[in-house]
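# Coordinate inspection notes
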Amino acid sequence: MTTPTSTGTRQTPHPRTAREAARPVRLAVADLLGLGLLGIRTRRTRAALSALGIAIGIATMIVVTGIPASSQARLMRELAALGTNMLEVRALPDQDPPALLPKESTGMVRRVGPVTSVSAVANTHALVRRSDRTDPGDGSGLTVLASQLDLLPIINARVQHGSWLTPATARFPTVVLGAVAATRLGVVDVSTGGGPGQQVMIGDRWFTVVGILAGVPLLPEIDRSVLVGWPAAQSELGFDGHPTVLYIRSLEPAVEQVRAVLPETVSPERPADVLVSRPSDALAAKRATENAFSSLFLALAAVALLVGGIGVANTMVISVLERRSEIGLRRALGANRGQIRGQFLTESVALASLGGIAGTLLGLAVTVGYAGYHHWPVVIPLSSTLAGLGGAVVVGMVAGVYPSMRAAALPPTEALASV
């Protein structure tokens, strides 16, 4: 179709071409990112200060979760040393005839799924003396126990001098003394000329001391004991093989369930004759501590993110006010409102992300340094690290919504009038 003019004819644009020319142009991701970073590149000092605000917020979140988590790990380790997952099984006292635990009870308990380890000791009812010249009836208030070889790790005991019983020494007349027993028998540490190598008399037989245990706060009765190998107790002291006490470690969440099935497991015929200790009070304290720390983490992290978000939002609002002329010029050159919104929203997210990365690195460094200085295990919750990075992006998006909408709503003429 043509239209006559004074100089000839004018070509009318094709309708399809006109529609394509009127269609809004979408910015590529790279172009949108370049526009979003424009304000950060041109105003580096202000951008750095704004990023520092959210970096401090994110670093605070990492620190207030990482440092308490490291402290909690140390506390949990100390509470675990108090036997939070340990149970004791004994025969019910004052029975006629006396109740006895079966010889195979340790093997039966070991088959319980949540049980991780089990060991036993048995009272041999023998008396121990310093020498053959002391009163045969004076046992110094000490107990001679037959012990299985895997006892120490279960009761959190360690050898202070000498060594623990081995499969070889457990068959011969050798003993390991508890800390109190070593003192009462006059078998003191090596620095004063005593220690392993000395001999004590049990019944009418001499036994050689091969080790001395450090104090066992969890089980003070072990401190007052003389520990003999299980085979040696049978061959030298007439031990009948029935254990007196079973020490059992289980998975901590299943302690109560394990306790419930132990009587029938240890003595299926006479479960009423089996006495099982209740879980340690330290277990309840440990669980309460975990819940308290979890609540503290959540509250402090929320405050830190809120402070960082307010800082970014404030920065972006000021940026819109300062860049009215830029917004007006871009609108006059054909940029639509969606592109203006995308530019400022991208800038807000980029600014918050840079602060999030810097804050995460700063928080990790502070947490590792503080925990290392106090000799704590370094524990940095993965959720906190991911929340630091992801939270920064989310905060940037939320904080940039209002400033970006405000920038897009500026009429080009009003924005250019502020030049």
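Figured I'd write up the structure that's included with this text. (Residues numbered from 1 in each chain as written. Predicted model: local features only at pLDDT ≥ 70, side-chain atom pairs only at ≥ 80, totals over all residues. Heavy atoms only, no water.)

## Digging into the layout of surface pockets
This is how it is decided: Within this scheme a cavity is a closed region of a 1 Å grid, computed over the protein atoms alone, that accommodates a 1.4 Å probe without allowing it to escape, whereas a pocket is open but has protein on both sides within 12 Å along at least five of seven lines; lining residues each have an atom within 4 Å of a point. Grid points are joined across faces, edges and corners, and a volume is the space filled by probe spheres set on the points. Polarity classes work like this: nonpolar for Ala, Val, Leu, Ile, Met, Phe, Trp, Tyr, Cys and Pro, charged for Asp, Glu, Lys and Arg, and polar for all others, with Gly in that last group.
Of the pockets and cavities examined, the largest pocket occupies roughly 320 Å³. Taken together, 15 residues make up the lining of the largest pocket; nearest its centre are Ala99, Leu100, His125, Pro243 and Thr244. Classifying every residue of the lining of the largest pocket by side-chain character gives seven nonpolar, six polar and two charged. Estimates place the volume of the second largest pocket at around 170 Å³. The wall of the second largest pocket is formed by Pro98, Ala99, Leu100, Leu101, Pro102, His242, Ser267, Pro268, Glu269, Arg270 and Asp273.

## Details of the pattern of salt bridges
Threshold: The rule for a salt bridge is simple: a side-chain nitrogen of Lys or Arg has to be within 4 Å of a carboxyl oxygen of Asp or Glu. Elements are defined by DSSP. Helices are runs of H or I of four residues or more, strands are runs of E of two residues or more, and each kind is numbered from the N terminus. Accessibility here uses a 1.4 Å probe with only protein chains present; expressed as a share of the type maximum, an area under 20% marks a residue as buried, one over 50% as exposed, and anything in between as partly exposed.
Counting across every chain of the model gives five salt bridges. The partner of Glu221 in a salt bridge is Arg90, and the shortest N-O contact between them spans 3.7 Å. Of this pair, Glu221 sits in helix 7 (residues 220-223) while Arg90 is found in strand 3 (residues 86-91), placing the two residues 131 residues apart along the sequence. With its nearest N and O atoms 3.8 Å apart, the salt bridge here joins Arg110 to Asp150. With Arg110 in helix 4 (residues 105-110) and Asp150 in the loop between strand 6 (143-147) and helix 5 (151-155), this pair connects stretches of sequence that are 40 residues apart. A relative accessible area of 44% means that Arg110 is categorised as partly exposed. Taking relative accessible area as the criterion, Asp150 reaches 32% and is therefore assigned partly exposed. Because the salt bridges share partners, they merge into one network encompassing Glu88, Arg90 and Glu221.

## Observations concerning the side chain of Ser105
Keep this limit in mind: Throughout, a residue-residue contact means that at least one pair of heavy atoms, one from each residue, lies within 4.5 Å.
With respect to the helices and strands, the residue Ser105 is situated in helix 4. Taking the relative accessible area as the measure of exposure, Ser105 reaches 0% and is therefore buried. The contact partners of Ser105, leaving out residues within four places of it in the chain, are Pro243, Leu246 and Val266.

## Description of a nonpolar patch on the surface
What counts, and what does not: Only residues whose relative accessible area exceeds 30% and that form no salt bridge are eligible for patches; like-charged ones are grouped when within 9 Å, while nonpolar side chains (Val, Leu, Ile, Met, Phe, Trp, Tyr) are grouped when within 5 Å. Areas reported here follow the Shrake-Rupley algorithm with a probe of radius 1.4 Å; residue values treat only the protein chains shown as occluding.
A surface patch of nonpolar side chains, amounting to about 290 Å² of accessible area, comprises Leu49, Leu52 and Ile56. Examined against the element boundaries, Leu49 turns out to sit in helix 3 (residues 44-81). The exposed category is assigned to Leu49, whose relative accessible area is 57%.

## Digging into the pairing of strand 8 (residues 174-177)
Condition: Whether two strands pair depends on DSSP finding at least two bridges between them.
Both faces of strand 8 are covered, namely the face carrying Thr174 and Val176 and the face carrying Val175 and Leu177. Sheet topology places strand 8 next to strand 10 (residues 205-213); four bridges connect them, and they run parallel. Looking at strand 10, one finds that Thr174 is bridged to Thr208. Sheet topology note: the strand 8/strand 11 (residues 225-229) ladder contains three bridges and is antiparallel.

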